[in-house]
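# Results of the structural survey
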Protein chains: 2
Amino acid sequence: MSLVGLNFNLIAEAESGARRGQIELPHHTVQSPAFMPVGTAGSVKAVAQDVLESLGAEIILGNTYHLYLRPGHEPIRRMGGLHRFIAWPRALLTDSGGFQVFSLSQLRKVSDDGVQFRSHLDGSSHFFTPEHSMDVQIALGADIAMAFDECTEYPADRARATESLRLTMAWARRSLDYFRAHRNEVPWYEEQGASTQSLFGIVQGGMYADLRRECAQRLVEMDFDGYAIGGLSVGEPRELTLEMISEVLPLLPNDKPRYVMGVGYPDEIELYAKKGVDMMDCVLPTRAARHGLLFTSEGRVNIKNRRYAEDQGPPDPACDCMVCRRYSRAYLRHLIQAGEPLSGTLNSIHNLAYYFGIMRRVRSELSVHDATAQAEMRTS
Amino acid sequence: MSLVGLNFNLIAEAESGARRGQIELPHHTVQSPAFMPVGTAGSVKAVAQDVLESLGAEIILGNTYHLYLRPGHEPIRRMGGLHRFIAWPRALLTDSGGFQVFSLSQLRKVSDDGVQFRSHLDGSSHFFTPEHSMDVQIALGADIAMAFDECTEYPADRARATESLRLTMAWARRSLDYFRAHRNEVPWYEEQGASTQSLFGIVQGGMYADLRRECAQRLVEMDFDGYAIGGLSVGEPRELTLEMISEVLPLLPNDKPRYVMGVGYPDEIELYAKKGVDMMDCVLPTRAARHGLLFTSEGRVNIKNRRYAEDQGPPDPACDCMVCRRYSRAYLRHLIQAGEPLSGTLNSIHNLAYYFGIMRRVRSELSVHDATAQAEMRTS
């Protein structure tokens with residue numbers, strides 16, 4: 001019997017490459033293109049799960065590195081997996097831990113076998129291999145796990161990018177082999193009628209189009225359940241980000257989801273969605289929110305600005321989110337000035353609503369001429 | 001024409017002195033006995049207004065001292081008052097600023113005229129008089145304002161308590177005179193059909209029963225809209241708190257609300273409600289929550305404790321609040337360990353639900369034999 005982890009239904013496609021779909025996962029069917037909020041340590045910072053649901057979040061991320069260090073993947077496995085632990089019944093995706101090992105940990109030593117590193121929390125020593133990353137992600141039990149990769153830094157010369165890519169390819173193979181042998185060990189395997197996790201491969205290759213293409217082709221041969229483009233939004237100019245995405249997308253199979261990791265600003269996620277990207281994640285809407293930066297239909301609003309001190313208008317006049325319907329700019333400014341914890345919550349809710357609104361608009365534009373999609377919209 | 005600020009309807013009274021009532025205020029009718037969460041700077045810390053509503057909060061506090069310093073009472077007056085500024089359509093109460101002037105500010109100098117102090121925020125110099133406190137509170141426009149008083153410290157010898165009481169009595173008179181002359185200047189006066197704020201007097205007198213009784217009698221002669229007992233829960237043993245409350249309550253008019261300020265633990269608020277106290281406020285449920293202390297039907301739970309690391313049970317098995325219905329002790333422990341902002345939010349929601357549950361139980365016990373109250377319960 002073959003395990004079912006993911007079904008991708010294409011509902012509509014545009015000339016531009018943009019596509020609307022449904023990603024059927026064991027815990028939830030996600031409408032795509034989808035924006036995925038980041039719940040680093042098992043919480044989308046300052047926003048409660050019921051609020052995320054009411055905003056329309058269908059899939060959120062957990063960071064393997066953070067959850068591995070605290071509270072640990074074994075306790076989460078024993079408690080039935082991450083869905084149950086964080087009380088999130090919809091879909092989840094975990095990253096491989098690779099990105100945080102490279103960006104947060106100390107004294108890391110990379111070998112062909114894996115990465116030795118010290119925890120940024122307590123300095124304790126750890127060793128991550130592709131197999132270990134898979135084991136941790138299976139314990140967490142997200143609907144989608146990611147292959148263990150090395151995120152190539154920017155800038156990187158061609159020799160460095162080539163060597164990094166070699167590592168990522170070898171680790172992708174080992175991730176997939178281990179995952180295939182163990183995917184039915186996910187904590188909720190029995191509960192969900194023998195459906196289980198899916199594994200996505202990650203396209204690296206720095207900013208070298210030919211390396212990116214080679215990587216994509218070889219990952220597609222390995223036959224992952226979906227494909228991510230990683231190593232972007234690491235400091236490169238935007239044109240380069242778009243060029244890398246444009247080089248890779250045509251090489252990926254049409255019938256599997258395409259995920260660009262760690263992007264981006266509102267105009268970026270709209271642009272990439274219109275190029276044919278199905279999934280994106282970013283800490284930006286929530287992180288910017290905690291610093292008082294709101295994304296609105298009138299552009300960016302730094303809510304700390306004195307000019308808003310007596311502005312009784314809503315944060316975004318065109319937005320009907322629960323924050324914009326109730327609170328004024330003056331109040332949001334006061335909350336951040338006074339250091340009130342509600343500030344981060346309300347700002348995050350608005351920014352997430354704004355991001356979801358963009359994706360909803362892109363999706364609905366894609367279904368105007370498509371009867372199936374419209375029927376689906378009426379019932380959703 | 002006489003201004004209407006407050007109607008107090010007694011629904012049920014018990015032998016013990018306990019009473020159930022309805023406090024009709026311009027913005028909301030509050031079921032009493034009522035617990036009032038504290039929204040120091042215009043936000044009940046970490047809990048959004050819609051959540052407070054769904055928990056059943058009918059009246060919340062704002063602190064005059066904090067709001068006067070930031071964002072300032074004049075901006076709030078220009079924006080239509082505190083209700084509109086913080087988007088809270090139900091009832092509000094502001095304290096007089098006195099307590100925080102004494103507990104937070106620096107270099108204060110008390111004279112018969114008022115208190116000179118320096119802001120704890122920026123060291124700027126300010127002078128508060130009874131008239132100025134009234135002016136600030138009228139600008140804020142809470143449904144209930146409080147007379148400017150001196151909160152007598154504990155311990156205080158008889159001479160000191162007597163002198164402090166003399167000041168409080170003189171300030172009560174001046175507060176009332178100024179308030180009566182200016183109460184129709186509240187920002188929402190026209191909107192609410194010429195109903196306006198009410199003013200409560202505050203009984204002080206340290207821990208001297210005769211001083212407390214004298215203070216109560218003289219305040220009652222002045223004819224306030226309601227009466228508070230202040231200067232309690234300042235470090236004295238609990239028996240003394242109860243003794244002072246018991247001395248004062250019988251002297252207060254039956255047809256006006258009685259408010260004990262700044263209490264307390266769950267067993268205290270239940271005890272005082274059963275003695276005939278109609279209103280109480282305290283930062284404890286939200287402050288304790290932010291430090292990981294949960295009040296539950298099984299006693300206090302320090303959610304940081306290692307023993308809860310894999311405890312998949314709800315925070316309080318007997319509680320049906322939105323936190324206990326969804327999240328486990330293990331998850332709440334993880335959130336506080338990981339420093340997640342959601343920790344303070346979820347813990348605060350549970351603790352507030354627990355406090356409201358106590359008041360709801362006391363109220364329902366008081367109406368078992370009362371047809372009017374039962375009819376009211378069915379329609380509320």
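The preceding data block contains the structure.
In what follows, the accompanying structure is described. As the structure is a computational prediction, the values presented were derived from the model and not from experiment.

## A short note on the interface of chain A and chain B
Contacts between the two partners involve 39 residues from chain A, matched on the other side by 39 residues from chain B. For the chain A and chain B pair, buried surface summed over both sides reaches about 3200 Å², with 52% attributable to carbon and sulfur atoms. Applying the counting rule to chain A against chain B returns 6 salt bridges. Note that Glu-310 of chain A is salt-bridged to Arg-78 of chain B, the shortest N-O span being 2.5 Å. Seen at the junction of chain A and chain B, the total is 20 residue pairs in polar contact (both at pLDDT 80 or more). Listing elements by their share of the side of chain A that touches chain B, those giving two or more residues are helix 1 (49–55), helix 3 (73–78), helix 4 (82–86), helix 12 (322–326), helix 13 (329–337) and helix 14 (342–365) of chain A. Sort the elements by how many residues they give to the side of chain A that touches chain B and helix 13 of chain A lands first, with 5 residues. Partitioning the side of chain A that touches chain B into residue classes produces 23 nonpolar, 7 polar and 9 charged.

## A closer look at the packing of helix 13 (residues 329–337) of chain B against helix 14 (residues 342–365) of chain B
Residue and element names in this part refer to chain B. In contact at an axis separation of 8 Å, helix 13 and helix 14 are set at 135° when each is read in the N-to-C sense. By the angle class used here, helix 13 and helix 14 are oblique. In the packing of helix 13 onto helix 14, the handedness of the crossing is left-handed. Contacts from Tyr-331, Leu-332, Leu-335 and Ile-336 of helix 13 reach helix 14 at Leu-342, Ser-343, Leu-346 and Asn-347. The class makeup of the residues in the contact of helix 13 with helix 14 is 6 nonpolar, 2 polar and no charged.

## Quick look at the sheet that holds strand 2 (residues 19–24) of chain B
Residues and elements named next belong to chain B. Taking strand neighbours across the sheet as the criterion, the 3 strands line up as 1-2-3 in an open arrangement whose pairing is antiparallel. Edge positions in the sheet fall to strand 1 (7–13) and strand 3 (29–32), since each of these pairs with one other strand and no more. Here the strands of the sheet are splayed against their neighbours by 15° on average, with no regard to which way each runs. Pairing analysis gives 6 bridges linking strand 1 to strand 2, with the strands arranged antiparallel. Considered in strand 2, the bridge of Phe-8 is made with Ile-23.

## Structural notes on the relation of the copies chain A and chain B
For the pair chain A and chain B, the relating rotation is 180°, the translation along its axis is 0.0 Å, and the fit reaches an RMSD of 0.0 Å. Expressed as a symmetry operation, the mapping of one chain copy onto the other fits a two-fold axis. Nearest to the rotation axis, the C-alpha of Pro-341 of chain A is located 3.7 Å from it, this being the minimum over chain A. A shared binding surface is used by both copies, with 100% of the interface residues of chain A retained as interface residues in chain B.

## Overview of the pattern of salt bridges
Residues and elements named next belong to chain A. The tally for this structure, following the rule as stated, stands at 52 salt bridges over all chains. One salt bridge connects Glu-150 with Arg-160, and the closest N-O pair in it is separated by 3.1 Å. With Glu-150 in the loop between strand 10 (144–146) and helix 7 (158–182) and Arg-160 in helix 7, this pair connects stretches of sequence that are 10 residues apart. The exposure class assigned to Arg-160 is partly exposed, which follows from its relative accessible area of 26%. Put simply, Glu-270, Lys-274, Arg-361 and Glu-365 are held in one network by salt bridges that share partners.

## A word on the pairing of strand 14 (residues 279–282) of chain B
Residues and elements named next belong to chain B. Here strand 14 shows two buried faces, one formed by Met-279 and Asp-281 and the other by Met-280 and Cys-282. Of the strand pairs in this sheet, strand 4 (residues 34–37) and strand 14 are connected by 4 bridges, and their pairing is parallel. Each bridged residue has a counterpart across the sheet, and for Pro-37 the counterpart in strand 14 is Cys-282. Two strands pair when backbone bridges link them, and strand 13 (residues 258–260) and strand 14 are joined in this way by 2 bridges, in the parallel orientation. Counterpart to Tyr-259 in the pairing with strand 14 is Met-279.

## What to know about helix 9 (residues 238–248) of chain B
What helix 9 of chain B keeps buried is the set Thr-241, Met-244, Ile-245 and Val-248 of chain B. Looking straight down helix 9 of chain B, one finds its buried side chains confined to an arc of 100°; they lie on one side.

## Structural notes on the environment of Pro-253 of chain B
Residue and element names in this part refer to chain B. With respect to the helices and strands, Pro-253 occurs in the loop between helix 9 and strand 13. Measuring from C-alpha to C-alpha, the distance between Pro-253 and Val-115 comes to 31 Å, with 138 residues separating the pair along the chain. Not counting the four nearest positions on each side in its chain, Pro-253 is found in contact with Val-220, Tyr-227 and Arg-258.

## Quick word on the side chain of His-350 of chain B
Checked against the element boundaries, His-350 of chain B lands in helix 14. With residues near it in sequence (within four places) discarded, His-350 of chain B still touches Leu-294, Phe-295, Thr-296, Asp-316, Cys-319, Cys-321, Val-323 and Cys-324 of chain B.

## Concerning the environment of Trp-188 of chain A
Residue and element names in this part refer to chain A. Assignment of secondary structure puts Trp-188 in the loop between helix 7 and strand 11 (198–203). The sequence separation of Trp-188 and Thr-286 amounts to 98 residues, and the corresponding C-alpha distance is 30 Å. Once residues within four sequence positions are removed from consideration, Trp-188 is found in contact with Pro-26, His-27, Gly-80, His-83, Gly-141, Ala-142, Ser-195, Thr-196 and Gln-197. A distance of 2.6 Å separates the side chain of Trp-188 from the backbone oxygen of Gly-141, its partner in a polar contact.

## A few points about the environment of Ser-233 of chain B
All names here are of chain B. Counting through the fold element by element, Ser-233 comes out in the loop between strand 12 (226–229) and helix 9. Overall, Ser-233 belongs to the partly exposed group, its relative accessible area being 37%. Setting aside chain neighbours within four positions, we find Ser-233 in contact with Thr-241, Gly-262 and Val-263.

## Quick look at the packing of aromatic side chains
In this description, a pair of aromatic rings is defined by centroid distance and the angle of the planes. The final tally for this structure, using the stated rule, is 24 aromatic pairs over all chains. Between Phe-35 of chain B and Phe-356 of chain B the ring centres are 6.4 Å apart and the planes differ by 65°, which places this aromatic pair in the edge-to-face class. Note that Phe-35 of chain B is positioned in strand 4 and Phe-356 of chain B in helix 14, a separation of 321 residues in sequence. You'll find Phe-35 of chain B and Phe-356 of chain B in the same group, each marked buried. Among the aromatic residues, those joined into a cluster by ring pairs are Tyr-65, Tyr-68, Phe-117, Phe-128, Phe-148 and Trp-171 of chain A.

## Observations concerning the packing of helix 6 (residues 130–140) of chain A against helix 7 of chain A
To describe two helices that pack against each other, one gives the angle between their axes and the distance between the axes. All names here are of chain A. The N-to-C vectors of helix 6 and helix 7 enclose an angle of 40°; their axes lie 8 Å apart at closest approach. Classified by the interaxial angle, the pair formed by helix 6 and helix 7 is oblique. Seen from above, helix 6 lies across helix 7 with right-handed handedness. Along the contact surface, helix 6 presents Pro-130, Glu-131, Met-134, Asp-135 and Ile-138, while helix 7 presents Trp-171, Arg-174, Ser-175, Tyr-178, Phe-179 and His-182. Of the residues contributing to the contact of helix 6 with helix 7, the split by class is 6 nonpolar, 2 polar and 3 charged.

## Regarding the sheet that holds strand 8 (residues 115–118) of chain A
The strands that make up a sheet are held in pairs by hydrogen bonds between backbone atoms, and each pair lies either parallel or antiparallel. Residues and elements named next belong to chain A. Reading across the sheet, the 3 strands line up as 7-8-9 and stay open at both edges, with antiparallel pairing between neighbours. The open sheet is flanked by strand 7 (106–110) and strand 9 (125–128), the only strands paired with a single partner. Between one strand axis and the next, the sheet turns through 15° on average, direction left out of account. Across 4 bridges, the pairing between strand 8 and strand 9 is antiparallel. Bridge assignment links Arg-118 to a residue of strand 9, and that residue is Ser-125.

Conventions used here
Residues numbered from 1 in each chain as written. Chains lettered and ligands numbered in written order. Predicted model: local features only at pLDDT ≥ 70, side-chain atom pairs only at ≥ 80, totals over all residues. Heavy atoms only, no water. Contact = heavy atoms within 4.5 Å. Buried area = accessible area lost by both parts, 1.4 Å probe. Salt bridge = Lys/Arg side-chain N within 4 Å of Asp/Glu carboxyl O. Polar contact = N/O pair within 3.5 Å; in protein donor to acceptor, adjacent residues only side chain to side chain. Helix = DSSP H or I, 4+ residues; strand = E, 2+ residues; numbered from the N terminus. Nonpolar A, V, L, I, M, F, W, Y, C, P; charged D, E, K, R; others polar. Axes fitted to C-alpha atoms, helices over the stretch in contact; angles between N-to-C directions. Parallel < 35°, antiparallel > 145°, perpendicular 65-115°, else oblique. Left-handed = near helix turned anticlockwise from the far one by under 90°. Pairing = 2+ DSSP bridges. Least-squares fit on C-alpha atoms with pLDDT ≥ 70 in both. Buried < 20%, exposed > 50% of the residue type's maximum accessible area, 1.4 Å probe, protein only. Arc of directions from axis to C-beta. Phe/Tyr/Trp six-rings, centres within 6.5 Å; stacked < 30°, edge-to-face > 60°.

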